[in-house]
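# Tertiary structure, described
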Amino acid sequence: MHLPTYPLPDAKGRYAEFGGRYVPETLMPALEELTEAYLHYKNDPEFLAEYDYYLREYVGRPSPLYLAENLTRHLGGAKIYLKREDLNHTGAHKINNTLGQALLCKRMGKKRVIAETGAGQHGVSVATVAALMGLECVVYQGAEDVRRQALNVFRMKLLGAEVRPVESGTRTLKDATNEAIRDWVTNVRDSFYIIGSVVGPHPYPMMARDFQSIVGEEIKAQLREKEGRENPDVVIACVGGGSNAIGAFAPFAYQENRPRLIGVEAAGHGAASGLHSLSIGAGRKGVLHGAKMFLLYDDDGQIRPAHSVSAGLDYPGVGPEHSYYAEAGLAEYVGITDEEALEGFQLLCRLEGIIPALESAHAIAYAAKLAPEMEPEQVIVINLSGRGDKDVVEVMRVMEEGQGSRAEGLVQGGQS
Amino acid sequence: MTTREAFARAKAEGRAALIPYVMAGYPSRGADLEMVKQVLPYADLLEVGLPYSDPLGDGPVIQRASEQALRQGIHVADVAAFVREIRSLTDKPLFLMTYINPVLAVGPERFFGMFKEAGVNGLILPDLPPDEDPELVGLAQGAGLETTFLLAPTSTEARIQTVAPYCTGFVYTVSVAGVTGARDKLPEGLPELVGRIRRVTEAPVAIGFGISNRATAQQAAQAADGAVIASALIRAHEEGRGLVEVLREVRAGLERSLRV
Ligand SMILES: Cc1ncc(COP(=O)(O)O)c(C=O)c1O
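Let us look at the structure shown here. (Residues numbered from 1 in each chain as written. Chains lettered and ligands numbered in written order. Predicted model: local features only at pLDDT ≥ 70, side-chain atom pairs only at ≥ 80, totals over all residues. Heavy atoms only, no water.)

Quoted interface sizes are often the accessible area lost when the parts come together. With 37 residues of chain B at the contact, the number on the chain A side is 37 residues. Between chain B and chain A, a total of about 3,000 Å² is buried, with carbon and sulfur atoms accounting for 49% of that surface. Together, B:D54, B:L56 and B:E132 form the three largest contributors to the area buried by chain B at its contact with chain A, with a combined 23%. Our count for the contact surface shared by chain B and chain A stands at 4 salt bridges. The salt bridge involving B:D54 is made with A:K174; its shortest N-O contact spans 2.9 Å. Here chain B and chain A share 19 residue pairs in polar contact (both at pLDDT 80 or more) between them. Elements represented by at least two residues in the side of chain B that touches chain A include exactly α3 (60-71), α5 (100-106), β6 (150-151) and α8 (157-163) of chain B. By residue number, the principal contributor to the side of chain B that touches chain A is α5(B), which donates 6 residues. Per-class residue counts for the side of chain B that touches chain A are 21 nonpolar, 9 polar and 7 charged. (Contact = heavy atoms within 4.5 Å. Buried area = accessible area lost by both parts, 1.4 Å probe. Salt bridge = Lys/Arg side-chain N within 4 Å of Asp/Glu carboxyl O. Polar contact = N/O pair within 3.5 Å; in protein donor to acceptor, adjacent residues only side chain to side chain. Helix = DSSP H or I, 4+ residues; strand = E, 2+ residues; numbered from the N terminus. Nonpolar A, V, L, I, M, F, W, Y, C, P; charged D, E, K, R; others polar.)

In structure tokens, the structure reads:
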């Protein structure tokens, strides 16, 4: 077990101009302390052995790289593999990061963890590792999301976490993140903030990337075994804040012979509607939650609410390293609408017997567009970031509203 | 009047300087100027807030005020117009408090030029540690604006050494690890913190966060050259109490003759 070392960020936490630490001064010493602790423990054999132990025995790693034969046949082009992060404990890639950060928190002697959550996936994941490690856990969640995600709220409570509804702003993920940071500013001496994606001030985007890199590293090793080569032709992952995508991309991104890396943002009701989460596709450079990144805001710099049918992609910004990849051309970023994502969702259910998270369904939907244009000896890896149990009620609601009617047609077409 | 003169005059009169906070568009368009008129007689300097959608460093009172102001459809240009109106009423130093994203959205040079022209003396940038973007700080100073950054009880010697030299207006010292909001009492240790800052800079030092009454004002005056009062004023307005009552009490607490 090792944690990787990449050329970026620089010593100031920058990926070219992106990243950095745009935070209240109160936090600066804590961020310096955290950076130092992380850089120490990432090379500490005992820390790494403990992380490795829990990844194997508790999370269930390595996750399979599954050849989706039915999907491959159906699309009639490139060979499609699914990286099965949905099979991890708690049902998503999130735990690779929360586990690493919780272990670091323990080493730093802090007894209380804070987290933000949107739909509740990251919150559940943090509550889980907090229970495991015996840490006090407070999760901030927008009041609107608390109402919409009652089941995940109950899960977090079962796991011993306190869930605090956030009533400010749009009462969703970005406001929950503000509130988590405010808690951290107030309790910085004894609390550890476990951020949910590759966002936030340095060193968070770097730490979360390093902990998620296990995804891309396993893909390499598994492809070597299955295909006799480390590099697929294309890696596709959905992008909210960008943690599952960076985990799949970073181990490839800095190589000379780089596969095509394609990040899929949520296009919601379409770019023109204004109701989307296309931070890279339609955003500008700005600062949110402590980092410079591509971001959705109006002419006065007020942050615009994002939209997606999938709560985990519903974030107005995107991690600084993705912002850098986009600008430097190391990766491509595309959009998939709500409707297309619902098609991808049903496609995987019917063809492979796998119910994907709505977030991951965006990646599937894009692969469904791309694969037919490729050759049979080419390989696509889709990062299946999570399972869809959490989404079935929402999908049922949307389909009953009739928005899913086109999607139903597609699945039936696929059967015939 | 320059910033240094404003602090010096308060000192000559035997008190720490009072820096009330008003927000453009709060409680509404037009009524914001009424608040200015109430606070100005008590002010040595004035802090003018630009309402923002995601005020990371602010507690619930200023968050609510921001939301209320933004619901009025306040744009950056309206804030500049508000500053212009305040400038026509007073020659006291005006400091614009803004999060960094509106500055980036408008474009730093245009933003600084707009507010310099409107009549602000300086900027307070609560989510920009100055060493994160020295170039932007240089642009502000080049536009003729003073710059003020925050230091906190958690600030290490190294952070003080880094940040203080960028504070050409005054040093804004945060009284507690936390967000803005009125408190009954400030933590111990402020004189020690301000002492550490004074060893690095000649700039005046003001204390902010939590100043709400005579006791907190006294604590601030014992340690520093000035005190910012923000949430307590907005709360007084929300509760339908007179601002003047709060301002009188705080101003009395800032009198050095009352030092205990
Ligand atoms: C299953 C799943 N995939 C993807 C995401 C998006 O986050 P990120 O872009 O950080 O991977 C989430 C967030 O909640 C998620 O739960």
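Additional details are given in the paragraphs that follow.
Quick look at the site of the ligand now. Residue and element names in this part refer to chain A. Taken together, 17 residues surround the ligand, and among them S197, G240, G242, S243 and S385 come closest. For the ligand, a nitrogen atom lies 2.7 Å from a polar atom in the side chain of S385. Within the complex, the protein chains bury 96% of what would otherwise be the 390 Å² of accessible surface of the ligand. Residues belonging to the shell around the ligand are distributed by class as follows: 4 nonpolar, 11 polar and 2 charged. Looking at which domains feed residues into the shell around the ligand, each of domain 1 (15-57 + 94-208) and domain 2 (62-91 + 214-415) supplies at least three. (Near = heavy atom within 4 Å. Areas by Shrake-Rupley, 256 points an atom, 1.4 Å probe, with all protein chains shown as cover. Domains from an automatic or database assignment.)

A few words now on the side chain of A:Q302. Mapping A:Q302 onto the fold places it in the loop between β12 (291-295) and α13 (320-328). By relative accessible area, which is 8% here, A:Q302 ends up buried. (Buried < 20%, exposed > 50% of the residue type's maximum accessible area, 1.4 Å probe, protein only.)

Moving on, we get to α13(A). All of the buried residues in α13(A) are A:P320, A:E321, A:H322, A:S323, A:Y324 and A:Y325. Directly after α13(A), the chain includes A:G329, whose backbone phi takes a positive value near 75 degrees.

Within a sheet, adjacent strands bond to each other through the backbone by hydrogen bonds, running parallel or antiparallel. Residue and element names in this part refer to chain A. Spatial ordering of the open sheet is given by β3-β4-β14-β9-β10-β13, a layout of 6 strands whose pairing is mixed. Each having just a single partner strand, β3 (65-67) and β13 (332-337) make up the two edges of the open sheet. Across the sheet, the mean angle from the axis of one strand to that of its neighbour is 30 degrees, orientation sign disregarded. Taken together, the 6 bridges between strand β4 (residues 79-84) and strand β14 (residues 379-384) define a ladder with parallel strand orientation. Among the inter-strand pairings, R84 is bridged to a residue of β14, identified as L384. Contacting β9 (234-238), β10 (260-268), β13 and β14, helix α11 (residues 243-253) crosses the sheet at an angle of about 155 degrees to β9. Its contacts with the sheet place helix α15 (residues 358-370) against β9, β10, β13 and β14, and it is angled at close to 145 degrees to β9. (Pairing = 2+ DSSP bridges. Axes fitted to C-alpha atoms, helices over the stretch in contact; angles between N-to-C directions.)

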